[in-house]
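Overview (structure and organization)
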Protein chains: 2
Amino acid sequence: MRRFAADRARRAVAASIRAAARSAVPSAPAAPAPPSPAAAAAMASAMVRAMSTAAAGAAPVSLDNINPKVLKCEYAVRGEIVTHAQNLQQELQKNPESLPFDEILYCNIGNPQSLGQQPVTFFREVLSLCDHPALLDKSETHALYSSDAIERAWQILDKIPGRATGAYSHSQGIKGLRDEIAAGIAARDGFHASGDNIFLTDGASPAVHMMMQLLIRSEKDGILCPIPQYPLYSASIALHGGSLVPYFLDEETGWGLEVDELKKQLEESQSKGITVRALVVINPGNPTGQVLAEENQKKIVEFCKNEELVLLADEVYQENIYVEDKQFHSFKKIARSMGYTDDDLPLVSFQSVSKGYYGECGKRGGYMEVTGFSADVREQIYKVASVNLCSNVSGQILASLIMNPPKVNIVCAQSIINWNNDGNNLHVYFFHRLGMNPTNPSW
Amino acid sequence: MRRFAADRARRAVAASIRAAARSAVPSAPAAPAPPSPAAAAAMASAMVRAMSTAAAGAAPVSLDNINPKVLKCEYAVRGEIVTHAQNLQQELQKNPESLPFDEILYCNIGNPQSLGQQPVTFFREVLSLCDHPALLDKSETHALYSSDAIERAWQILDKIPGRATGAYSHSQGIKGLRDEIAAGIAARDGFHASGDNIFLTDGASPAVHMMMQLLIRSEKDGILCPIPQYPLYSASIALHGGSLVPYFLDEETGWGLEVDELKKQLEESQSKGITVRALVVINPGNPTGQVLAEENQKKIVEFCKNEELVLLADEVYQENIYVEDKQFHSFKKIARSMGYTDDDLPLVSFQSVSKGYYGECGKRGGYMEVTGFSADVREQIYKVASVNLCSNVSGQILASLIMNPPKVNIVCAQSIINWNNDGNNLHVYFFHRLGMNPTNPSW
């Protein structure tokens, strides 16, 4: 199935590249905007001044004198297929008949709501109420919002000092929301989690950057990354001046991650003088979709422990499992089940509100759970977080909601109807996840 | 007045430092959390495993092997006063009677809503509606939201592809919102502005980081920064491995910024082999509050032009002017009024939803207006923006609202009442800004 899809994609891309080669024309530069009346008034002095200062030398900023790490990042984040799609889109805009299709759907990044997925009503009701808490004092609100969303909004606002959703929060995020997320992690894994270990961030990307910034000292520091990978990793490693040490997933075994391959790449990079600092594992895989088996995860944990690597676990697709016999296990759960405690293994788990059944990409919510670091290193991570003050509070609230969605046994009928009315069958997924039968609600 | 306040603050801090020295006790380490039942089950194997792997060597991550730039940043973002305040707060929690006050108000960072300022109703109504667009189809919504907020929410949603506030946007931000911001800038300055030059960001801080990341190649690259400064600059320069080149504001002349001082510091740093890349000007000043005079700004623009520096204009306090005879002029307005065009001077203006009368710090909205860079360098800035996908959409919406707040001549009576009801006299400020008399509304 996967192989078939990959072949089909390859054929489609090859066909459109051929079509574009036949019809592409160079795009004309945009016409400059006409000057505003006020600007026109300054034109005369501009001309005089231009004569006195023009051609004083090279531009202050050029590709020759910007940070070379920014330049190096170039090839990592822009894929050939996306660039080609953008060219085709420009072509379509200029000449809608020129190609055998009239629309391009961008699936290079998971962005479900741009493709028509509707948001979950409950989440949006809560956000809407928290954005305008004055609504909670009005009786008319009950006609517009479900009672469980109103109740949850109250609970959330009570966790925020002064109920001020417009104030900077603690730099790790609002403590009460972090505690709620930790409780969700503990319920998922069966092992203790602490809100003190949660760092709420504007999506998972800034969290990944923070860890790269902490670990990478120079190009002699390497980060083991899967290939195929999500381009954030190559981009972030390039921007922070480190070396990406690739390990290759095995397509033949459903994009398997073999510890032998990790060892081989580690040793090869060490022989080149690279100090490998961390291993990135994306589970479930992105873009490969595989779900690691528990035994495989144990070997990976053991590998990190023995080689003294930080395990950076990208677990943002934990809700996106589409086969019956696979199950997501967080790396922290695996490590704890092996008996490793907070003292044994530096482990960071990344989660995001952008993926899963929620798909709330535009809200930029996410977190990392940071365990296994010494207090003084933790303090450094906190310091880096504090430089940016805090992540956006709506994203923080949403992160708490996805880790503590409404439970069927307490949810009121109105929310269930709303979930149904979202029109994208998310409720079916959700009830399956809870082990319920969505077509025969006996609860 | 300022001198008096500074003296008073110095005395208060000195007194509380003495008091703390008398009463401080070292804080006990927190007790470890008891193991969960599931964790207890793994304990036996933990002990066996611990014996086989413990003390295998130094911790994988320690202060000795993290990025030294992160370490170097340490002294830049943590002020002595804040650290002392946090110690006093811990002391107060342990022993409420120990100090001659019972509460600490943190004024080290502008965070008005944490100090009780209420948000502007109109802004929050629009955000609330955009978070849950389904409300706009319901008649009951008119009982809860002002009609102009409903109208504005429709206008905003019409600018968002698919009305999907939960989708990743363009990496610079939603084009229609950027155009609205550009129109606001043009109306403010009297000179053309383009939405293509706007980069919407999660507050102004990430925008500052992006520019530092672009410009700084090594510690041999310097950035001229005012002293006193906002610690974001020293922190960001340290994290990106550059050198802060200080220039000193003159307290005697109301924290004046003299071009002679800029020249002196520039030459001094050049003599040490530093290449100065940019000048940071914070206007109105932070934390100094001064508002630069137009003639002074012209000299600064001329200095940047002659010395081939990027002008990084922190203009986030543009609405915070508390004296009758001062007026904010953006550096772009000044440069354009001098006749300099987009070809003459690389200039970045930072703006934020966190400051001004709005004070919406927790929403993390902001933008930078980037002018005077070549197309290929602009492409690099866009690339760095695209690595983080996009800023949060609620913050983007709010940034468009602050640059296009309701106009009195079109605003309906309901909104005016709401502004009054916000209870913090913001409407007085706002009407003054519009040249209206708030106590005698004849409009």
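Since the model is a prediction, treat every value here as computed from it, not as a measurement.

Let's talk about the overall build of chain A
- Across its full length, chain A holds 19 helices and seven strands.
- In chain A, which comprises 443 residues, the proportion classed as buried is 55%.
- Within chain A, contacts between residues at least 6 apart in sequence are counted, and of these 70% link residues at least 24 apart.
- As displayed, chain A has an accessible area near 19400 Å², and 54% of this comes from carbon and sulfur atoms.

Thoughts on the domain arrangement of chain A
- Entries for chain A in the domain assignment read domain 1 (79-108) and domain 2 (171-396).
- Using C-alpha coordinates to define each centre, domain 1 of chain A is positioned 34 Å away from domain 2 of chain A.

Things to note about the relation of the copies chain A and chain B
- Once chain A has been moved 0.0 Å along the axis and rotated by 180°, it coincides with chain B to within an RMSD of 0.0 Å. Such values leave the two copies arranged in the relation of a two-fold axis. No C-alpha of chain A approaches the rotation axis more nearly than that of A:Ser128, which lies at 2.1 Å.
- Both copies share a contact surface, since 100% of the interface residues of chain A are interface residues in chain B too.

Observations concerning the state of the cysteines
Residues and elements named next belong to chain A.
- With the rule as written, the count across this model stands at zero disulfides over all chains.
- No disulfide involves Cys 73; its nearest neighbouring cysteine sulfur is the one of Cys 225, lying 13 Å away.
- What makes Cys 73 buried here is its relative accessible area of 0%.

A short note on the sheet that holds strand S1 (residues 198-201) of chain A
Residue and element names in this part refer to chain A.
- Strand order across the open sheet formed by seven strands is S1-S7-S6-S5-S4-S2-S3, with mixed pairing between neighbours. Looking at which strands have only one partner, the edges of the open sheet turn out to be S1 and strand S3 (243-248). The average angle at which neighbouring strand axes cross in this sheet is 20°, direction not considered.
- Note: strand S4 (residues 275-282) against strand S5 (residues 310-314), five bridges, orientation parallel. Within S5, the residue paired with Ala 278 across the bridge is Val 310.
- The strands that helix H10 (residues 175-189) touches are S1 and strand S7 (366-371); relative to S1, the one it contacts most, it runs at about 115°.
- Against the sheet, helix H13 (residues 259-271) touches strand S2 (221-227), S3 and S4, its axis set at about 150° to S3.

Conventions used here
- Residues numbered from 1 in each chain as written.
- Chains lettered and ligands numbered in written order.
- Predicted model: local features only at pLDDT ≥ 70, side-chain atom pairs only at ≥ 80, totals over all residues.
- Heavy atoms only, no water.
- Helix = DSSP H or I, 4+ residues; strand = E, 2+ residues; numbered from the N terminus.
- Buried < 20%, exposed > 50% of the residue type's maximum accessible area, 1.4 Å probe, protein only.
- Contact = heavy atoms within 4.5 Å.
- Areas by Shrake-Rupley, 256 points an atom, 1.4 Å probe, with all protein chains shown as cover.
- Domains from an automatic or database assignment.
- Least-squares fit on C-alpha atoms with pLDDT ≥ 70 in both.
- Disulfide = S-S within 2.5 Å.
- Pairing = 2+ DSSP bridges.
- Axes fitted to C-alpha atoms, helices over the stretch in contact; angles between N-to-C directions.

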